[in-house]
Amino acid sequence: MQYADYALGKFVTKAKQQSYWQDTIFLVVADHDARAFGSDLMPIKNFHIPGVILNSSKQQFSDERVVSQIDLAPTLLSLMGVKNHSPMLGHDLTKPQISGRAMMQYAENFAYMEDDEVTILQPQKDPMNFSYDFDEKN
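Since the structure is predicted, the reported quantities are computational estimates derived from the model, not experimental observations.

## What about the nonpolar core?
Inside soluble globular proteins, nonpolar side chains tend to come together where they are buried.
For step 1, the next point in the chain: Core analysis: the largest hydrophobic core is formed by twelve residues, namely Met42, Ile44, Phe47, Val66, Ala102, Met104, Tyr106, Ala111, Met113, Val118, Ile120 and Tyr132.
For step 2, the next point in the chain: Elements represented by at least two residues in this core include exactly β3 (101–106), β4 (109–114) and β5 (117–121).
For step 3, the next point in the chain: At three residues, the largest contribution of residues to this core is made by β3.

## Notes on the pattern of salt bridges
Any two side chains of opposite charge can pair, so long as their charged atoms come close to each other.
For step 1, the next point in the chain: Enumeration over the complete set of coordinates arrives at three salt bridges.
For step 2, the next point in the chain: Note that Asp63 and Arg65 form a salt bridge whose closest N and O atoms lie 2.5 Å from each other.
For step 3, the next point in the chain: With its nearest N and O atoms 3.4 Å apart, the salt bridge here joins Asp92 to Lys95.
For step 4, the next point in the chain: Relative accessible area serves as the criterion here: at 17%, Asp92 is assigned to the buried category.
For step 5, the next point in the chain: Lys95 sits in the partly exposed class, given a relative accessible area of 48%.

## So, the packing of aromatic side chains
For step 1, the next point in the chain: Tallied over the full model, the rule gives four aromatic pairs.
For step 2, the next point in the chain: When the ring of Tyr3 is compared with that of Tyr6, the centres are 6.0 Å apart and the planes differ by 40°; the resulting orientation is tilted. Pair noted here: Tyr3 and Tyr6 are both in helix α1 (residues 2–16), with a separation of three residues, about one helical turn. The two residues Tyr3 and Tyr6 agree in class, both being exposed.
For step 3, the next point in the chain: Seen in terms of ring centroids, Tyr132 and Phe134 are 5.1 Å apart; in terms of plane orientation they differ by 90°. Their pairing is edge-to-face.
For step 4, the next point in the chain: According to the relative accessible area criterion, Phe134 is partly exposed, its value standing at 35%.
For step 5, the next point in the chain: Taken together, Phe11, Trp21 and Phe26 form an aromatic cluster joined through their ring pairs.

Scoring rules and cut-offs
Residues numbered from 1 in each chain as written. Predicted model: local features only at pLDDT ≥ 70, side-chain atom pairs only at ≥ 80, totals over all residues. Heavy atoms only, no water. Core = buried A, V, L, I, M, F, W, Y, C linked by side-chain atoms within 4.5 Å. Buried < 20%, exposed > 50% of the residue type's maximum accessible area, 1.4 Å probe, protein only. Helix = DSSP H or I, 4+ residues; strand = E, 2+ residues; numbered from the N terminus. Salt bridge = Lys/Arg side-chain N within 4 Å of Asp/Glu carboxyl O. Phe/Tyr/Trp six-rings, centres within 6.5 Å; stacked < 30°, edge-to-face > 60°.

Structure, rendered in structure tokens:
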């Protein structure tokens, strides 16, 4: 992990010295934790992943909304100035949303989270709904 951080830092430092830096948008995003295991129907805390967009025209800020990786493609297209009228499921994160939402899959279970409300779908079972406590990460 430390080497990955080091190598990414070196890459960004070198990229900043290149002529393409001003015309390039870089997206660095993690994947969910590979150690997702245990008895939880959906280990939501393992789906909290970092992402950063470098060199966009937006002012630096931290976006704490609940979002999904499927939101990244429409967001990048928007940052590039591309008007996107496609059937992509993701949201353009440069636009304000009324509420955040995320979709997750773990083994055979699927979860849909909107703000702190989570619904889990399991094969051959009724849907299950609960409120997720972000502070407790339960």
